[in-house]
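Per-entry structural report
Letter by letter, the chains look like this.
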Amino acid sequence: MKYPIGIQSSDRIVEDGYVYVDKTELLYRLTHESSICFLSRPRRFGKSLLVSTLKNCFDGRKDLFRGMAIERLETERNAYPVFHVDFNRTNDTNPGELEKKINFHVSEWEKRYELPCRENELGYGDRFVEVPRSRQRRAPSATGG
C-alpha cells in the first residue's frame, strides 16, 4: 500500500494508486446542502486536498471518482469553470508578491476563456468578476482550472 504523505492533489493520489479514503459523500452534502462554509483547520489537516477534490469534481473529472460515493449521488455531472488560487508557494512578506500572484491567476483565466486582458483598465477585483460573467454569457464548452 502506498500512503499519500504530503500529497495535496486528489488527482495525483487517485491516478498514482495511493490509498484514498472516500469522503465524497461529505463533499456532496457540503456542495448540495450547505450555503456558506468556513473551513478553519490546523496546518496539514487536509484543506488543500479538499480544495483539490472540489476542483476535480467541478472540472468534470468523472474518471477520478469511479466507484466513489459521489458517482452514485451526483446524477448530473457537469463541468463548471473553476477558479483555483494557490498561495502555498507565495512569499507574502515581500511587498507586491501577493498582487503579482493574483494578477498571474486572473491573466491565466482571461487567456483560458479568450477574454481581452484588461490589466491596465481594471483592478484585480473587477477583472476577477468579469471572468465568470463572460462565462455565463457563453455556452459552457471549456472546463476551468
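Residues numbered from 1 in each chain as written. Predicted model: local features only at pLDDT ≥ 70, side-chain atom pairs only at ≥ 80, totals over all residues. Heavy atoms only, no water.

**Regarding the overall build of the chain**
- Helix and strand counts for the chain stand at six helices and zero strands.
- For the chain, the spread of C-alpha atoms along the principal axes amounts to about 50 × 40 × 30 Å.
- Burial analysis of the chain (145 residues in total) assigns 23% to the buried set.
- For the chain, long-range pairs separated by at least 24 residues make up 49% of all intrachain contacts whose partners lie at least 6 apart in sequence.
- Carbon together with sulfur atoms contributes 51% to the accessible area of the chain, which is approximately 10,300 Å² in total. (Helix = DSSP H or I, 4+ residues; strand = E, 2+ residues; numbered from the N terminus. Buried < 20%, exposed > 50% of the residue type's maximum accessible area, 1.4 Å probe, protein only. Contact = heavy atoms within 4.5 Å. Areas by Shrake-Rupley, 256 points an atom, 1.4 Å probe, with all protein chains shown as cover.)

**So, helix α3 (residues 47-58)**
- In this model α3 runs 17 Å from its N-terminal to its C-terminal C-alpha over twelve residues, within 8% of the 16 Å that 1.5 Å per residue would give.
- In this structure, the buried side of α3 is in contact with α1 (10-15), α2 (24-33) and α4 (69-73).
- Immediately beyond the C-terminal end of α3, within one or two residues, lies G60, with a positive phi of roughly 85°. (Expected span 1.5 Å × (residues − 1).)

**Considering the environment of E114**
- Position of E114 relative to the elements: it lies in the loop between α5 (97-112) and α6 (124-137).
- When its relative accessible area of 63% is taken as the criterion, E114 is described as exposed.
- Along the backbone, E114 and V82 are 32 residues apart, and their C-alpha atoms lie at a distance of 15 Å.

**Side note on the layout of surface pockets**
- Approximately 1,000 Å³ is the volume found for the largest pocket.
- Put simply, the parts of the chain that give the lining of the largest pocket at least two residues each are α2 and α3.
- Counting residues per element, the lining of the largest pocket draws most heavily on α3, at five residues.
- A per-class count over the lining of the largest pocket returns 14 nonpolar, seven polar and five charged.
- Computed from the structure, the second largest pocket encloses a volume of approximately 360 Å³.
- For the second largest pocket, the lining is made up of 14 residues, of which Q8, S48, H84, D86 and N88 are closest to its centre.
- Looking at the lining of the second largest pocket, the element that brings in the most residues is α3, giving six residues.
- Class assignment of the residues belonging to the lining of the second largest pocket gives a composition of two nonpolar, seven polar and five charged. (1 Å grid on protein atoms, 1.4 Å probe; cavity = no way out; pocket = protein on both sides within 12 Å on 5 of 7 lines; lining within 4 Å. Points joined across faces, edges and corners; volume = space filled by probe spheres on them. Nonpolar A, V, L, I, M, F, W, Y, C, P; charged D, E, K, R; others polar.)

**Topic: the nonpolar core**
- The biggest cluster of nonpolar side chains holds eight residues, and these are L27, Y28, L54, C57, L64, F65, M68 and I70.
- Counting five residues, the second largest nonpolar core, distinct from the first, contains V106, W109, L115 and V131. (Core = buried A, V, L, I, M, F, W, Y, C linked by side-chain atoms within 4.5 Å.)

**Digging into a nonpolar patch on the surface**
- A cluster of nonpolar side chains, namely M1, Y3 and I5, defines an oily patch on the protein surface of about 470 Å² accessible area.
- Here I5 shows up in the segment before α1. (Patch = residues over 30% accessible without salt bridge, like charges linked within 9 Å, V, L, I, M, F, W, Y side chains within 5 Å. Salt bridge = Lys/Arg side-chain N within 4 Å of Asp/Glu carboxyl O.)

**Focus on the pattern of salt bridges**
- Here the structure, examined in full by the defined rule, presents seven salt bridges.
- Between D59 and K55 there is a salt bridge, with its nearest N and O atoms 2.9 Å apart.
- Taking the shortest distance from any N to any O, the salt bridge between R61 and D63 comes out at 3.1 Å.
- For R61, a relative accessible area of 22% puts it in the partly exposed group.
- One network of salt bridges, with partners in common, ties together E15, R61 and D63.

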